[in-house]
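# Topology and contacts: notes
For reference, the chains in residue letters:
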Amino acid sequence: MQRIINFILSYRNAFLYGFLMVISLVLTIRSHSYHQSRFFNSSKWVSGNIYGTAANISAYFGLQEENQRLVEENEELRRLLFNNATPTNPILPDSISTTYEVISANVIKNSFSSPRNYLTIDKGKNHGTATDMGVITTKGILGIVENTSNKFSTVQSVLNTKSNINAKIKNTNHFGSLKWDVGDYNVVQLVDIPRLVPLVVGDTIVTGAMSSIFPENIPIGVIKKYDLDNSRSFYHIDVELFNDMSNIKNVYLIINKNKEEIQELEARTQNE
Amino acid sequence: MNSALFINGLRFVLLVLTQVLIFNTLNFLGFINPLVYVIFFYWYPIKSNRALFMLTAFLLGFMIDFFSDTLALHSIASVTVAYIRPVIMRFCFGVNYEFQNFSFRNTTKIQRLTFLGLLVLIHQVVFFSFEVMSLSHFLLILKKVFATGIVTLIICALFSSLFSPQSE
């Protein structure tokens, strides 16, 4: 017994190291396999407020650029309004007024250089956000809300190896999944598009109708290059994003009012 | 003792804030975010309780994880660096670092730079291996380790000469 205690005492640092390592590894692996931790993420009060203050200060340096972007969007929306009969560039689908509601928010923390990127935004449960809401910018999709606190939310970026979004080629109904292979932060991958689909470099990719998170036809990006995958029957497409992921300030959250109904119906159908 | 505690506590808070507010948003060349908080391990008192040092390192890593949504990646890297630090010190400064009257002032610049360089290197290798977590992206890990490592080393060297601690 004495020897065992002596042994443990003489290696106590190694044991402590092992113990701390195991804790960290468990947390890491859990965050890989499922959602990020519910208790330790940057939507919490302390980190949210610190990021909020910092974003408040740094926002002044980008005001001009941001104003320019908002003016451009207003222009576009006014054009749509005045030419209501023939919207040449339907950024927002017609059904949005009835089915979808939009909340605006500011990004207070952004990251795009790690394999699993998250953003933090300054709207939380108090403003009506919830897990699995879609987040878009004026140019295209950004990600999906993952955790919320009272005043802040974290968003799983499309630049996240766990991200998987339904997407299709514009004006067709060939859909696939949008993923990211940890390469370039402006390029994501569209997989599972069958070989028989005719593709052209420069084709626009938009969100598909298969998910209850995003409305259909929200722009994502354009085809940069494509080739066949290992099975030779599906395409592996590199999509260049419309968004500049390194420079994002104003975002919109999309609330689908019919989502619960859709999910309930689907769950009931699968159970039968 | 109390002033050492105070200085290290202040360093801890300031390094966390500097890291998450400035260096995590740097994105130099699109992907280089130097992990400057490694300098905490360089500045930490030499003659100290090893267990306490590892716990502090874990807490430091954890705080940065908490802010950057990379749960436990920074913790793993920090704890590993804290655990290996005595070995690196023996390698850089020889056996005499264990003596009572050892201090950074009677070491050469090259020795200190090697010490800092090894701390940064080990930290980067552990961090990026666990971040990417697949050997198929070996080249990506290598690229990130070297690019970020060099920038981190330069900034840490500047920091250490800028805020050189008088008390140690």
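Starting from 1, residues in each chain are numbered consecutively following that chain's sequence as written. Each chain is given a letter, starting from A, and each ligand a number, starting from 1, according to the order in which they appear as written. In keeping with the model being predicted, local features are shown solely for residues with a pLDDT of at least 70 and side-chain atom pairs are shown and tallied solely at 80 or more, while totals for entire chains, interfaces and linings include all residues.

- The name given to chain B in an unreviewed UniProt entry is Rod shape-determining protein MreD, with the source organism recorded as Flagellimonas algicola.

- The name given to chain A in an unreviewed UniProt entry is Cell shape-determining protein MreC, with the source organism recorded as Flagellimonas algicola.

## Remarks on the overall build of chain A
- In terms of regular secondary structure, chain A is built from six helices and twelve strands.
- Counts of 20 or more other C-beta atoms within 10 Å of a residue's own C-beta define buried residues, counts of 12 or fewer define exposed ones, and intermediate counts define partly exposed ones; C-beta atoms are placed from the backbone. For chain A, the residues scored as buried account for 32% of the 272 residues in total.
- Contact criterion: two residues are in contact if their C-beta atoms, reconstructed from the backbone, are within 7 Å. If you take every contact in chain A between residues at least 6 apart in sequence, the share linking residues at least 24 apart comes to 59%. The helix and strand labels rest on DSSP assignments: H or I over at least four residues marks a helix, E over at least two residues marks a strand, and numbering proceeds from the N terminus.

## Some points on the packing of helix H3 (residues 50–68) of chain B against helix H4 (residues 73–93) of chain B
Residue and element names in this part refer to chain B.
- Here, axes are lines fitted to C-alpha atoms. For helices the fit covers the stretch in contact, and angles between N-to-C directions go from 0 to 180 degrees. Two elements in contact, H3 and H4, have axes separated by 7 Å at closest approach and are oriented at 155 degrees. Compared by their axis directions, H3 and H4 come out roughly antiparallel. Crossing geometry of H3 relative to H4 is assigned as right-handed. Residues Phe53, Met54, Ala57, Phe58, Leu60, Gly61, Phe62, Ile64 and Asp65 of H3 touch H4, and the partners they reach there are Leu73, His74, Ser75, Ala77, Ser78, Val79, Val81, Ala82 and Tyr83.
- Residue composition of the contact of H3 with H4, by class: 13 nonpolar, four polar and one charged. Just so you know how the angles are binned, under 35 degrees is roughly parallel, over 145 roughly antiparallel, 65 to 115 roughly perpendicular, and the rest oblique. Helix crossings fall into two classes, left-handed where the near helix is turned counterclockwise from the far one by less than a right angle and right-handed where it is turned clockwise. Three classes are used, and their members are as follows: Ala, Val, Leu, Ile, Met, Phe, Trp, Tyr, Cys and Pro are nonpolar, Asp, Glu, Lys and Arg are charged, and the others, Gly among them, are polar.

## Quick notes on the UniProt feature "domain: Rod shape-determining protein MreC beta-barrel core" (unreviewed entry) in chain A
- UniProt positions are given in the numbering used here, feature names are shortened, and annotations may be inferred rather than shown by experiment. Per the UniProt record, "domain: Rod shape-determining protein MreC beta-barrel core" (unreviewed entry) is found at residues 107–254 of chain A.
- Helix makes up 0% of residues 107–254 of chain A and strand 49%, whereas the separation of the span's terminal C-alpha atoms amounts to 15 Å.

## Here's the deal with the pairing of strand E11 (residues 234–241) of chain A
All names here are of chain A.
- Only one face of E11 is covered, namely the face carrying Tyr235, Ile237, Val239 and Leu241; the face carrying Phe234, His236, Asp238 and Glu240 is uncovered.
- Here, any two strands with at least 2 DSSP bridges between them count as paired. Pairing analysis gives seven bridges linking strand E8 (residues 187–194) to E11, with the strands arranged antiparallel. If you follow Leu190 over to E11, its bridge partner there is Ile237.
- As paired strands, strand E10 (residues 219–228) and E11 are joined by seven bridges and run antiparallel to one another. Bridge pairing links Lys225 to Asp238 in E11.
- Between E10 and the antiparallel strand that follows it, E11, lie five residues; Arg232 among them carries a positive phi value of about 60 degrees.

## Some details on the packing of H4 of chain B against helix H5 (residues 109–132) of chain B
All names here are of chain B.
- The N-to-C vectors of H4 and H5 enclose an angle of 150 degrees; their axes lie 9 Å apart at closest approach. With respect to each other, H4 and H5 are oriented roughly antiparallel. Here H4 runs over H5; the crossing is right-handed. Between H4 and H5, the contacting residues are Leu73, His74, Ile76, Ala77, Thr80, Val81, Ile84, Ile88, Met89, Cys92 and Phe93 on the first element and Gln111, Thr114, Phe115, Leu118, Leu119, Ile122, His123, Val126, Phe127, Phe130 and Glu131 on the second.

## A closer look at unusual backbone geometry
- For Asn171 of chain A, which is not a glycine, the phi torsion comes out positive at approximately 65 degrees.
- Checked against the element boundaries, Asn171 of chain A lands in the loop between strand E6 (165–169) and strand E7 (175–179).
- Unusually for a residue other than glycine, Asp69 of chain B sits at a positive phi of about 55 degrees.
- Topologically, Asp69 of chain B is positioned in the loop between H3 and H4.
- Residue class for Asp69 of chain B comes out buried when judged on the 28 C-beta atoms lying within 10 Å of it.

## Considering the interface of chain B and chain A
- Contact with chain B, which involves 27 residues of that partner, is made by 27 residues of chain A.
- Of all the secondary-structure elements, those providing two or more residues to the side of chain B that touches chain A are H3, H4 and H5 of chain B.
- Of all the elements, H3 of chain B adds the most residues to the side of chain B that touches chain A, at seven residues.
- Classifying every residue of the side of chain B that touches chain A gives 16 nonpolar, eight polar and three charged.

## Quick notes on the sheet that holds E10 of chain A
- Spatial strand order, E6-E7-E8-E11-E10-E9 (chain A): six strands in a closed barrel with antiparallel pairing. Taking the axes of each pair of neighbouring strands and ignoring which way they run, one obtains an average angle of 40 degrees across the sheet.

## Remarks on the sheet that holds strand E4 (residues 141–148) of chain A
Residues and elements named next belong to chain A.
- The strand order around the closed barrel built from six strands is E1-E2-E5-E4-E3-E12, with neighbouring strands paired in antiparallel fashion. Recorded for the sheet is a direction-independent mean angle of 45 degrees between the axes of neighbouring strands.
- Strand direction decides the pairing type here: strand E1 (residues 100–109) and strand E12 (residues 250–256), joined by seven bridges, are antiparallel. Considered in E12, the bridge of Tyr100 is made with Asn256.
- Helix H3 (residues 45–59) rests against E1 and strand E2 (116–121) of the sheet, and its axis sits at about 85 degrees to E1.

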